[in-house]
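A closer look at the structure
Given next are the chains, with one letter for each unit.
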Amino acid sequence: NHDLRHDPCMCTDDLSACAQVNANISDLDYFYMPDVNWHREHPDLNLEVVGLDLNHYMDMWNDKASPGFSDCRWTQCKDGCLRRSERRAREALDHLQR
């Protein structure tokens, strides 16, 4: 997600600083995304919505690329961003296996 270049979310573990995280399902001014990795079941629709932060694999369409969120180079915290994107991707895959 190229918006993360300027989002404090990549430079902190405080998810309340993330521009795209909004846990208030009633707040219709923003879309609902309570965490960087999450799911919500809607049994009345026979639907489960899943959100996973897999930015760590953003460049994997290129068979010459290695995992790593290349947009971290544009952040204020390149090394921290790389660590967070890797950890969040690992957590996303763990979340998916639950």
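Residues numbered from 1 in each chain as written. Predicted model: local features only at pLDDT ≥ 70, side-chain atom pairs only at ≥ 80, totals over all residues. Heavy atoms only, no water.

A closer look at helix 1 (residues 78-97)
With 20 residues, helix 1 should reach 28 Å at 1.5 Å per residue; the first-to-last C-alpha distance of 29 Å fits that figure. Within helix 1, the full set of buried residues consists of Gly-80, Cys-81, Arg-84, Ser-85, Arg-88, Ala-89, Ala-92 and His-95. Looking straight down helix 1, one finds its buried side chains confined to an arc of 160 degrees; they lie on one side. Counted as exposed and oriented over 90 degrees from the buried face of helix 1: Asp-79, Arg-83 and Gln-97. Against strand 1 (38-42) lie the buried residues of helix 1. (Helix = DSSP H or I, 4+ residues; strand = E, 2+ residues; numbered from the N terminus. Expected span 1.5 Å × (residues − 1). Buried < 20%, exposed > 50% of the residue type's maximum accessible area, 1.4 Å probe, protein only. Arc of directions from axis to C-beta. Contact = heavy atoms within 4.5 Å.)

What to know about the state of the cysteines
Applying the stated rule across the entire model yields 3 disulfides. Sulfur-sulfur distance for the disulfide between Cys-9 and Cys-18 comes to 2.0 Å. Between Cys-9 and Cys-18, the S-S torsion sits near 65 degrees, and that sign places the bridge as right-handed. Take Cys-9: its relative accessible area is 3%, and that puts it in the buried class. Here Cys-11 engages in a disulfide with Cys-77; their sulfurs sit 2.0 Å apart. The sign of the -90 degrees torsion about the S-S bond sets the Cys-11-Cys-77 disulfide as left-handed. On the criterion of sequence distance, the pair formed by Cys-11 in the segment before strand 1 and Cys-77 in the loop between strand 2 (47-51) and helix 1 is long-range, its members being 66 residues apart. Classification of Cys-11 by relative accessible area gives partly exposed; the value is 31%. Under the relative-accessibility criterion, Cys-77 is labelled buried at 17%. (Disulfide = S-S within 2.5 Å.)

Digging into the pairing of strand 2
When a strand is regular, its side chains alternate between the sheet's two faces. For strand 1 and strand 2, the ladder comprises 5 bridges, and the chain directions are antiparallel. Residue pairing in the sheet places Arg-40 in a bridge with Val-49 of strand 2. In this structure, the hairpin formed by strand 1 and strand 2 is closed by a connection of 4 residues, where Asn-46 is found at a positive phi of approximately 55 degrees. (Pairing = 2+ DSSP bridges.)

Quick look at the nonpolar core
Nonpolar side chains in soluble globular proteins tend to be buried together. Core analysis: the largest hydrophobic core is formed by 12 residues, namely Leu-4, Cys-9, Met-10, Cys-18, Val-21, Met-33, Val-36, Trp-38, Phe-69, Cys-72, Cys-77 and Cys-81. For Cys-77, the contacting residues outside a window of four places in its chain are Met-10 and Cys-11. (Core = buried A, V, L, I, M, F, W, Y, C linked by side-chain atoms within 4.5 Å.)

Some thoughts on the pattern of salt bridges
According to the stated counting rule, one finds 5 salt bridges in the structure shown. For Arg-5, the salt bridge goes to Asp-71, with nearest N and O atoms at 3.1 Å. With Arg-5 in the segment before strand 1 and Asp-71 in the loop between strand 2 and helix 1, the pair connects residues that are 66 residues apart, well separated along the chain. One salt bridge connects Lys-64 with Asp-63, and the closest N-O pair in it is separated by 3.7 Å. Both residues of the pair, Lys-64 and Asp-63, belong to the exposed class. Connected through shared salt-bridge partners, Asp-13, Arg-84, Arg-87 and Glu-91 make up one network. (Salt bridge = Lys/Arg side-chain N within 4 Å of Asp/Glu carboxyl O.)

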